[in-house]
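Fold and geometry: a report
What follows is the residue order along each chain.
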There are 2 protein chains.
Amino acid sequence: MHKDRHFSGVIAPVLTPFGEDGTPDPERFVAHCQWLMDEGCTALAPFGTTSEGNSLGVDERMELLEELADGDIDTSKLMPGTGACSLADAIVLTRHAVELGCGGVLMLPPFYYKAPSEDGLFRFFAEVIEAVGDDRLKIYLYHIPPVAQVGFALPLIGRLIKAFPQTVVGLKDSSGDWNNTSAILEAYPEFEVFPGSEVFLLDGLRHGAAGCISATCNVSAAAIRKVYDNWRGGDADRLQQGITALRQAIQAYPMIPALKAIIAHYRQDPAWAQLRPPFTPLAEADARKAVTTLADAHGFRLDFATAA
Amino acid sequence: MHKDRHFSGVIAPVLTPFGEDGTPDPERFVAHCQWLMDEGCTALAPFGTTSEGNSLGVDERMELLEELADGDIDTSKLMPGTGACSLADAIVLTRHAVELGCGGVLMLPPFYYKAPSEDGLFRFFAEVIEAVGDDRLKIYLYHIPPVAQVGFALPLIGRLIKAFPQTVVGLKDSSGDWNNTSAILEAYPEFEVFPGSEVFLLDGLRHGAAGCISATCNVSAAAIRKVYDNWRGGDADRLQQGITALRQAIQAYPMIPALKAIIAHYRQDPAWAQLRPPFTPLAEADARKAVTTLADAHGFRLDFATAA
């Protein structure tokens, strides 16, 4: 265990439930966050890609974060997504998260304009850090080139760490490319690196990663936590094989709609299956098939007995 | 001239000037808009790609639009960008534009999540239109796949027109692909289609396009307007060659920094050259070279005598 880490372990990019009117549902949201912490998540990353975070408005993100703070969630365990295409929105969201006591923020680069220069991206983060002007700010860079298209190349990461060693403390690597993750781990050993999938959890931990931040933590945090807690044990490889197989089975479906369909099924709460456009829910037959396949082939089920 | 068109002619996606503190400068912004209308723009499209529109915050966009309304700009001639990744932000921005009397809005699709389904994109626009719930709303779809990655395929355009014939009235095609523009013109002859570059202006007009919405209108609206006004004349091809050559000369530089450098030079106002990250200004030598090349090879110069 790395003594100085701000975050480590199993972190869920929390799904965002919507009410009948299409607006985010704070009650279901807080209950899901509480259940995830009970299931073994070490922290939560609301407003990530899996959260449909970029489909939420600036005000909606701030209101939901306040609901978590009011809902007995320890904000020091929160790493909300506060990135935005707009410098102004990124500053507002980041400042708000720091003021609520969030232990960190997970920041996308500005992702509308493609192929920005290293200088431009560096300046973006420098201006956010300067504008927020708070030593409590801890930034985790969110590298997800398959979706954002704009990412963090090694030299940019190094430049940000060097300029802001107390602030730019880690990265989520959702490149899906283990070579990229291991290159970052090797280049910046003190950096808190989280692969974006539990498929890389054991390999990551063996090479100095801090844990993982993964969509599927929304439904399988307990099993993923078991790998995290036992990664030095003799059983680690077998446990990893189990969570890898489950991840791959879920990945056979469109990830966000599938996760929501699974939760809707086990909570017996159809409203949970709703998504905000541009996403659409899984067709009913596909949702049924996903649940059945996971149960039959992987013994997968969810127990919401602990939920609020 | 098509009698029922809401917009037509030469439309500038207005550059956004920033003050010393990095925030948008309303005074320079309003003055530039007034000058553009004096130069021959038939309408203005603030908060487009050229405007660094996606680098502006939701509040900043609304405040700047109010400055235009207060600054004697006829809001019926405004087609502000109100698209956003977030349905909530898109609704807020679109409603605000309609309430200010804007003649139209230019809407990007939600562009964070890649490869959304046709259903998901249709539902996004349907929900914006329903939430705004105002007959005055006129939407121009903003197709710019090289930047947004997410675009409007022909069947989606047709479905939106069919469902909302009074609301979804046109499209800006910044694909840079004339085959795409002409396919849309052919499929939907009543649709108000604007190529995203004056390079396609004359061809566009000859095939039923409504005009063009082009970055370079920020510095060469008068020449582009001349093509628009004389497209049936014997001189049309020669005039088109002139604006095509100028566009290509400007395009040799990064477009947005180059346009700002040109305006800063001729206004003798270095602040105009500022950009918001992730953009960075042109190096001084490049800026000088751009101005000199355009002046020497194209006789290009700007006259701000008419500016406020």
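Heads up: the structure comes first, above all this text.
Here goes a summary of the coordinates provided.

Rules used in this analysis
Residues numbered from 1 in each chain as written. Chains lettered and ligands numbered in written order. Predicted model: local features only at pLDDT ≥ 70, side-chain atom pairs only at ≥ 80, totals over all residues. Heavy atoms only, no water. Helix = DSSP H or I, 4+ residues; strand = E, 2+ residues; numbered from the N terminus. Rg over C-alpha atoms; globule rule 2.2 N^0.38 Å. Buried < 20%, exposed > 50% of the residue type's maximum accessible area, 1.4 Å probe, protein only. Contact = heavy atoms within 4.5 Å. Areas by Shrake-Rupley, 256 points an atom, 1.4 Å probe, with all protein chains shown as cover. Pairing = 2+ DSSP bridges. Axes fitted to C-alpha atoms, helices over the stretch in contact; angles between N-to-C directions. Right-handed = clockwise from strand over helix to strand, strands pointing away. Parallel < 35°, antiparallel > 145°, perpendicular 65-115°, else oblique. Nonpolar A, V, L, I, M, F, W, Y, C, P; charged D, E, K, R; others polar. Least-squares fit on C-alpha atoms with pLDDT ≥ 70 in both. Buried area = accessible area lost by both parts, 1.4 Å probe. Salt bridge = Lys/Arg side-chain N within 4 Å of Asp/Glu carboxyl O. Polar contact = N/O pair within 3.5 Å; in protein donor to acceptor, adjacent residues only side chain to side chain. Disulfide = S-S within 2.5 Å. Core = buried A, V, L, I, M, F, W, Y, C linked by side-chain atoms within 4.5 Å.

All right, on to the overall build of chain A then. The helix and strand tally for chain A stands at twelve helices and seven strands. Over its C-alpha trace chain A gives a radius of gyration of 18 Å, about what one expects of a compact globule, namely 19 Å for 308 residues. When the backbone C-alpha atoms are referred to their principal axes, chain A occupies close to 50 × 50 × 35 Å. Considering chain A as a whole, with its 308 residues, one finds that 61% of them fall into the buried category. The contacts of chain A with a sequence gap of at least 6 include a subset with a gap of at least 24, amounting to 72%. Counting only carbon and sulfur atoms, one obtains 49% of the accessible surface of chain A, whose full area is about 11700 Å².

We now examine the sheet that holds strand β7 (residues 211–213) of chain A. Residues and elements named next belong to chain A. Within the open sheet, the three strands sit side by side as β2-β1-β7. Their pairing is parallel. Looking at strand neighbours, the two that pair on one side only are β2 (43–44) and β7, the edges of this open sheet. As paired strands, strand β1 (residues 9–12) and β2 are joined by two bridges and run parallel to one another. What sits directly across from A12, in β2, is L44. Sitting on the sheet, helix α9 (residues 217–229) is in contact with β1 and β7, with an inclination near 175° to β1.

Right, let's get into the environment of L160 of chain B. All names here are of chain B. Here L160 is to be found in helix α6 (residues 154–163). Since its relative accessible area comes to 0%, L160 is described here as buried. As a C-alpha pair, L160 and P24 span 136 residues in sequence and 34 Å in three-dimensional space. Beyond its immediate stretch of four places on either side in the chain, L160 contacts F122, F125, L141 and V168.

It is worth spelling out the pairing of β1 of chain A at this point. Residue and element names in this part refer to chain A. Judged from the three bridges that link them, β1 and β7 form a sheet pairing that is parallel. Counterpart to G9 in the pairing with β7 is G211. This β-α-β element, β1 to helix α1 (residues 26–39) to β2, shows right-handed connectivity.

Residue and element names in this part refer to chain A. As a packed pair, helix α11 (residues 255–267) and helix α12 (residues 284–298) sit with axes 9 Å apart at the nearest point and diverge in direction by 75°. Regarding the angle of α11 to α12, the classification is roughly perpendicular. Taking contact as the criterion, the partners of A261, I262, H265 and Y266 in α11 are, on α12, A287, V291, L294 and A295. Grouping the constituent residues of the contact of α11 with α12 by class yields seven nonpolar, one polar and no charged.

Superposing the two chain copies requires a rotation about an axis and a translation along that axis. Rotating chain A by 180° and translating it 0.0 Å along the rotation axis places it on chain B, where the RMSD comes to 0.0 Å. These values place the two chain copies in the arrangement generated by a two-fold rotation axis. Comparing interface residues between copies, 100% of those in chain A also sit at the interface in chain B, which points to an isologous, same-surface contact.

Between chain A and chain B, the contact holds 43 residues from the first and 43 residues from the second. Overall, the association of chain A and chain B removes approximately 3100 Å² of surface from exposure, summing both partners, and the carbon and sulfur fraction of that is 63%. Area buried by chain A at its contact with chain B is led by Y112, Y113 and P278 of chain A, which between them contribute 27% of it. Counting every contact that joins chain A to chain B gives zero salt bridges. Scanning the region where chain A abuts chain B turns up 20 residue pairs in polar contact (both at pLDDT 80 or more). Looking at the side of chain A that touches chain B element by element, the count peaks at six residues for helix α4 (residues 118–132) of chain A. Partitioned by chemical class, the residues of the side of chain A that touches chain B number 24 nonpolar, eleven polar and eight charged.

As enumerated under the stated definition, the model contains zero disulfides over all chains in all. This cysteine, C85 of chain A, is not joined by any disulfide, and C85 of chain B carries the nearest cysteine sulfur, 5.2 Å off. The class for C85 of chain A is buried, based on a relative accessible area of 10%. Here C212 of chain B is not disulfide-linked; the sulfur of C217 of chain B is the nearest cysteine sulfur, at 4.7 Å. Overall, the relative accessible area of 0% leaves C212 of chain B in the buried class.

The general pattern is negative phi for most residues beyond glycine and trans for most peptide bonds. A cis amide bond links P277 of chain A to the next residue, P278 of chain A, at an omega of 15°. Within the secondary structure layout, P278 of chain A lies in the loop between α11 and α12. Phi at F47 of chain A takes a positive value of approximately 65°, unusual for a residue other than glycine. Examined against the element boundaries, F47 of chain A turns out to sit in the loop between β2 and α2 (58–70). You can call F47 of chain A buried: its relative accessible area is 4%. Even without being a glycine, A115 of chain B presents a positive backbone phi close to 55°. As for its position among the elements, A115 of chain B is in the loop between β3 (105–107) and α4 (118–132).

Moving on: the pattern of salt bridges. Residue and element names in this part refer to chain A. According to the stated counting rule, one finds 26 salt bridges over all chains in the structure shown. With a closest N to O distance of 2.6 Å, K260 and E52 form a salt bridge. In this pair, K260 is assigned in helix α11 and E52 in the loop between β2 and α2, connecting sequence segments 208 residues apart. With a relative accessible area of 0%, K260 lands in the buried category. Judged by its relative accessible area of 0%, E52 falls in the buried class. A network of salt bridges, in which partner residues are shared, links D25, R28 and D269.

Here we take up the nonpolar core. The biggest cluster of nonpolar side chains holds 209 residues, and the ones touching the most others in it are Y112, L141 and F191 of chain A together with Y112, L141, I157 and F191 of chain B. Ignoring any residue separated from it by four or fewer positions in sequence, one finds Y112 of chain A in contact with C85 of chain A together with T49, N54, L108, F111, Y142, I144, V147 and A148 of chain B.

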